[in-house]
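# What the coordinates show
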Amino acid sequence: MRIPNRRVRRGRRRAALLTVGALAGGLLLTAPQQATAGPPNLLTNPGFETAGAAGSDMPSCWSKSGWGDNDFTFATVADAHSGTKAMRVTLTRRVNGDRKALVTENTACAPAVVPGKQYDLSAWYKSNTPDVSVTVFRRESTTGAWQYWTDLQNPPVSAAWARTEVRTPVVPPNTDKIAWGISVYGVGTLTTDDYAMEEVGATGPTPTCTGTAEECAKGKWEVIPAKNPTRSMHAVVLKNGKVLLIAGSGNDIAQFNAGTFTSAVYDPANGSFKTIPTPVDMFCAGHVQLSDGRVLVMSGNKGYPSADGKIGYQGLKDSYVFDPATEKYTKTNDMNGGHWYPSATILGNGDVISFGGLKEDSTGNVTAEKFSAAQNKWLPMNEVNQTWSYWGLYPSMILMQDGRLFYSGSHTFGNGTPGTGASVYDYAANTITDVPGLRNKDQRDESASVLLPPAQDQRVLTIGGGNNETNPAANRLTDVIDLKKPSPAYTAGPDLPQGLVDQGAGKRPQTGAEGKMYVSAVLLPDGKVFETGGGLYDRADPVYEASFFNPVTNQYEPGLATDPIPRTYHSSAFLMPDGRVMSVGDNPGNGTYNHNVSIYTPPYLFKGPRPQITSVIDNQWVYGDTQRITVNRPVAKAELIRPAAVTHSSDPNQRFVDLPLTVVNNTTVDLNVTSNPNLAPPGWYMLFAVDANGVPSIAQWVHLGGAPAMAALAGEQDQPSAHQHTFADKLGPAKKNPAKRDSAPVSPKVAGCDRHYGTATVCVPTVFPAEVQSTGKDRCEWLATHRYPKRMKVNGSDPLRLDGDGDGYAC
């Protein structure tokens with residue numbers, strides 16, 4: 001394998017590199033040699049030596065390309081690396097966009113590729129700006145249409161000729177050609193010459209099954225001996241690999257009245273739990289990791305619904321940060337209002353934005369809240385753009401590559417927002433624009449939405465859901481949206497696989513359109529989405545089913561091993577640094593809670609020895625970096641996965657960020673980090689290296705360009721600007737924002753519970769499943785089958801006719 005003659009960033013784009021000889025000297029090669037790229041060069045006219053057709057001002061098989069508001073020049077110059085010609089692109093003014101010389105997108109010039117293969121792209125260059133990127137386009141073989149594929153690398157500034165090389169991801173299905181070039185997206189000059197594109201040979205050890213045949217095909221669950229000491233409604237994977245589990249009052253009004261609020265920290269290293277003093281009732285709060293690894297916890301529960309059901313849950317203004325180092329909570333300033341069930345999304349500059357939830361008086365909160373990373377506080381309302389819109393409870397707000405937010409249509413409780421149920425919110429313009437295609441938008445309560453791997457593809461998957469107010473059987477719907485398209489719209493995906501459902505009389509196969517709500521969706525290091533848990537109805541009837549969603553094929557891989565513990569309402573599943581998945585919680589409507597903890601070992605950990613990251617030279621990364629790691633054997637890809645902060649099926653910050661490789665040799669790899677903080681917001685990430693069989697290493701923790709570092713750069717003239725593309729730029733007209741208002745009306749029954757029976761801990765459904773007859777007898781039989789408390793006190797009237805003998809107690 002050639003060692004690329006590359007310069008690596010230092011200073012603000014740091015990558016402290018040792019020599020290749022020093023790196024490789026003590027390493028043990030334990031696998032077949034890494035794939036080598038070799039001739040032939042698949043490009044036509046790679047050195048610009050052949051002139052274009054008569055009248056053309058570009059060399060043969062090269063075209064001017066780019067977009068945006070900028071001033072630029074293209075020139076074929078004699079300052080060549082070899083031969084007599086090179087290409088020079090200069091930007092003299094730039095507001096947005098880029099310019100590049102691109103391999104011409106036609107049959108004669110664009111090289112053919114094979115789906116499933118990888119290709120090494122290289123070129124010689126000189127530049128005086130760090131704002132350059134290797135950009136690749138692909139052609140759909142079925143339609144012949146060209147589309148942007150990905151950015152792979154940010155070559156560093158170099159006054160002398162330097163060589164850059166980077167490996168593409170695996171070519172996706174239905175791709176027959178690619179075109180690429182080096183983009184300039186900052187003021188400066190880039191000169192390039194001697195491009196090359198070479199196919200990478202097949203690699204990887206032969207996988208060997210190290211478990212039973214079933215484990216190798218389906219994975220394996222185990223229930224750990226230790227019990228979770230808290231009713232964990234919230235789970236956050238900390239930068240040290242431990243897990244913060246937050247209960248607050250744990251949906252237990254007796255604990256609330258006693259002022260008993262709990263959290264715990266789980267240590268996977270020894271399987272222990274440590275109870276953490278918790279200052280307020282963080283039950284149904286929002287949370288997100290800040291750029292420094294502390295956890296911002298916002299709002300929570302100020303009060304439970306009244307016994308007569310006239311007032312619902314009430315939200316706190318309180319906000320705290322949890323420090324993984326001290327394992328203590330510290331109060332911040334208050335939010336501007338209460339937000340029971342708020343969203344929480346970290347932005348590219350490290351700020352946090354939050355929407356929705358219930359106010360202190362149980363009405364819907366219509367104000368946006370913004371936490372300033374630089375000031376370490378919530379900003380006053382007049383310093384935050386306001387649309388006065390009500391986004392609902394736990395609205396899934398996903399950061400897009402250009403800084404806008406995508407509301408996926410996933411939420412908890414209630415119906416979707418007016419319109420199509422999904423929209424794009426532009427904070428800078430303060431506009432909301434609907435996007436079409438989300439099916440059954442008012443039955444996506446307790447669905448799950450994830451930004452599919454890799455984040456660079458900008459595709460969102462929304463899975464399942466129901467409606468806790470009308471209480472139909474949960475659906476099997478899967479919808480996918482590509483936010484790279486000019487006019488993005490959800491398209492129907494494959495139906496969610498079916499499993500077994502337990503409705504109180506033992507497990508039976510699901511039938512018809514039965515799916516599940518309260519789904520957990522976990523991004524795995526092999527690039528798949530693991531979906532598990534959920535129930536047929538809100539807080540009832542657990543479904544035992546698990547599958548992988550493969551973003552490459554857009555298909556589910558069904559029939560995985562299922563968690564032996566029911567996981568419905570108030571459950572969570574999340575990725576751990578060792579590549580396994582942890583699952584906690586279950587709080588059905590009868591008020592019980594399951595304290596068992598399950599661990600899932602995916603099939604990829606039964607494929608033989610896993611690769612190891614033997615060194616990470618620098619764990620402090622900056623956008624646009626090239627970072628060198630060493631591994632014990634060849635790997636096919638690497639990525640950053642943001643650690644979980646999940647509750648109620650919702651983790652809008654979960655993302656998998658591809659790190660395109662530059663392979664130096666079998667055990668030394670350079671990782672190319674995106675220059676766009678909107679693709680990978682600042683913070684601590686799990687770094688995985690994955691072999692050709694999809695087997696991941698144990699993660700190493702790295703920190704990517706945090707808010708303090710970015711703030712320090714704010715005055716620098718050469719601060720890199722994000723290389724983003726014109727996606728979702730042909731949306732329909734923006735909706736008219738509501739007039740300024742204090743709140744939105746929300747029914748006290750938004751939680752789907754009739755408070756006339758029992759305590760606030762118990763959720764008797766306002767609407768029973770359709771198969772239950774509308775009689776007191778049948779409803780009481782359903783409650784008994786689902787183990788509700790006997791003789792629940794009737795609080796006032798008896799709208800469901802459960803107190804047949806009139807003694808003041810139901811059933």
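Definitions and cut-offs
- Residues numbered from 1 in each chain as written.
- Predicted model: local features only at pLDDT ≥ 70, side-chain atom pairs only at ≥ 80, totals over all residues.
- Heavy atoms only, no water.
- Core = buried A, V, L, I, M, F, W, Y, C linked by side-chain atoms within 4.5 Å.
- Buried < 20%, exposed > 50% of the residue type's maximum accessible area, 1.4 Å probe, protein only.
- Contact = heavy atoms within 4.5 Å.
- Phe/Tyr/Trp six-rings, centres within 6.5 Å; stacked < 30°, edge-to-face > 60°.
- Helix = DSSP H or I, 4+ residues; strand = E, 2+ residues; numbered from the N terminus.
- Lys NZ or Arg CZ within 6 Å of the ring centre and 35° of its normal.
- Polar contact = N/O pair within 3.5 Å; in protein donor to acceptor, adjacent residues only side chain to side chain.
- Arc of directions from axis to C-beta.
- Pairing = 2+ DSSP bridges.
- Axes fitted to C-alpha atoms, helices over the stretch in contact; angles between N-to-C directions.
- Disulfide = S-S within 2.5 Å.
- pLDDT = per-residue confidence, 0-100.
- Salt bridge = Lys/Arg side-chain N within 4 Å of Asp/Glu carboxyl O.

With that settled, the discussion passes to the nonpolar core. Counting 50 residues, the largest nonpolar core has Leu524, Phe530, Phe574, Leu575, Met582 and Tyr600 as the members making the most contacts within it. Non-local contacts of Leu524, meaning those with residues more than four positions away in its chain, are made with Phe530, Phe548, Leu575, Val581, Tyr604, Ile641 and Phe656.

Applying the stated rule across the entire model yields 36 aromatic pairs. Ring plane angle 10 degrees and centroid distance 4.3 Å describe the contact between Tyr313 and Trp340, whose orientation is recorded as stacked. With Tyr313 in the loop between strand S18 (301-303) and strand S19 (314-315) and Trp340 in the loop between strand S21 (328-331) and strand S22 (345-346), this residue pair connects regions lying 27 residues apart in the sequence. Like Tyr313, the residue Trp340 is buried in the burial classification. Put simply, the rings of Phe256, Phe261, Phe283, Tyr304, Tyr313, Trp340, Tyr341, Tyr394, Phe413, Tyr518 and Tyr569 touch in pairs and so form one group of aromatic residues. Here the basic side chain of Lys331 rests over the ring of Tyr320, its NZ or CZ set 5.7 Å away from the ring centre. Lying across the ring of Tyr544, Lys507 places its NZ or CZ 3.9 Å from the centre.

What follows covers the side chain of Thr387. In this structure, Thr387 sits in the loop between strand S25 (377-378) and strand S26 (397-399). For Thr387, the side chain forms a polar contact with the side chain of Ser389, separated by 2.9 Å. Residues within four places of Thr387 in sequence aside, it is in contact with Tyr425, Asn430, Ile432, Asn737 and Pro738.

It is worth spelling out helix H5 (residues 776-785) at this point. Since there are 3.6 residues in each turn of an α-helix, residues three or four apart along the chain are aligned in direction. For H5, every residue scored as buried is listed here: Gly776, Arg779, Cys780, Trp782 and Leu783. Around the axis of H5, the buried residues are gathered within 155 degrees of arc, so they sit on the same side. Projecting away from the buried face of H5 at angles above 90 degrees are the exposed residues Lys777 and Ala784. Those residues of H5 that are buried lie in contact with strand S39 (540-544) and strand S55 (792-793). One or two positions beyond H5, positive phi appears at Arg787, with a value near 60 degrees.

Overall, antiparallel pairing links the 5 strands, which are arranged S2-S3-S10-S5-S8 in an open sheet. At either margin of the open sheet sits one strand with a lone partner, and together these are strand S2 (70-77) and strand S8 (158-167). Averaged over all adjacent pairs, the angle separating strand axes in this sheet is 25 degrees, with direction ignored. Relative to S8, strand S5 (residues 119-127) runs antiparallel, the two being bridged by 7 bridges. Note on S8: the bridge partner recorded for Leu121 is Val166.

What follows deals with the state of the cysteines. Evaluated as defined, the whole model comprises 4 disulfides. The disulfide partner of Cys209 is Cys216, and the gap between their sulfur atoms is 1.8 Å. Disulfide Cys209-Cys216: torsion about the S-S bond near 85 degrees, hence right-handed. When the bonded cysteines of the protein chain are counted from the start of the sequence, the pairing works out to 1-2, 3-4, 5-6, 7-8.

The subject of this paragraph is the sheet that holds strand S9 (residues 175-184). Spatial ordering of the open sheet is given by S1-S4-S9-S6-S7, a layout of 5 strands whose pairing is antiparallel. The open sheet has two free edges, formed respectively by strand S1 (62-67) and strand S7 (146-153), since each of these has just one partner strand. Within the sheet, the average angular offset between the axes of one strand and its neighbour, ignoring direction, is 30 degrees. The sheet contact formed by strand S4 (residues 98-103) and S9 spans 2 bridges and is antiparallel. Residue pairing in the sheet places Arg99 in a bridge with Val184 of S9.

Mapped onto the secondary structure, Pro173 falls in the loop between S8 and S9. Counting along the chain gives 85 residues from Pro173 to Ala258, while the straight-line C-alpha distance between them is 58 Å. Residues within four places of Pro173 in sequence aside, it is in contact with Pro115, Arg138 and Val552.

Confidence in the prediction of the protein chain, expressed as mean pLDDT, is 92, and 93% of residues score 70 or more. A low-confidence stretch, residues 1-37 stays under pLDDT 50, and its non-local contacts, those more than four residues away or across chains, total 119 contacts. Predicted confidence for residues 707-720 stays below pLDDT 50, and this span has 24 contacts to residues more than four positions away or in other chains.

On the secondary structure map, Asn251 appears in the loop between strand S13 (243-248) and helix H3 (253-258). Along the chain, Asn251 and Thr417 lie 166 residues apart, while their C-alpha atoms are 26 Å from each other. Those residues within four positions of Asn251 in sequence are excluded, and the remaining contacts are Arg231, Met233, Phe283, Tyr304, Tyr313, Tyr569, His570, Asn587, Ala760 and Thr761. Among the polar contacts listed, one links the side chain of Asn251 to the side chain of Asn587, at a separation of 2.9 Å.

Glancing now at unusual backbone geometry. Most of the time, phi is negative for any residue but glycine, and the peptide bond is trans. Looking along the chain, the bond that leaves Pro453 and enters Pro454 is cis, with omega of -15 degrees. Here Pro454 lies in the loop between strand S30 (448-451) and strand S31 (459-463). Here Phe48, not a glycine, exhibits a phi torsion of approximately 65 degrees, which is positive. Among the structural elements, Phe48 can be located in the loop between helix H1 (20-24) and S1. Within the chain, Asn471 stands out as a residue other than glycine whose phi angle is a positive 60 degrees. Within the secondary structure layout, Asn471 lies in the loop between S31 and strand S32 (478-482).

For the rest of this paragraph, the subject is the pattern of salt bridges. Here the idea is simple: oppositely charged side chains can pair when their charged atoms come close. According to the stated counting rule, one finds 37 salt bridges in the structure shown. We note a salt bridge from Lys117 to Glu199, for which the minimum N-O separation is 3.6 Å. Taken together, the residues span a long stretch of sequence, with Lys117 in the loop between S4 and S5 and Glu199 in strand S10 (residues 188-199) at a distance of 82 residues. Residue Lys117 is classed as partly exposed on the basis of its relative accessible area of 26%. Between Asp479 and Arg444 there is a salt bridge, and its shortest N-O distance comes to 2.7 Å. In this pair, Asp479 is assigned in strand S32 and Arg444 in the loop between strand S29 (431-434) and S30, connecting sequence segments 35 residues apart.

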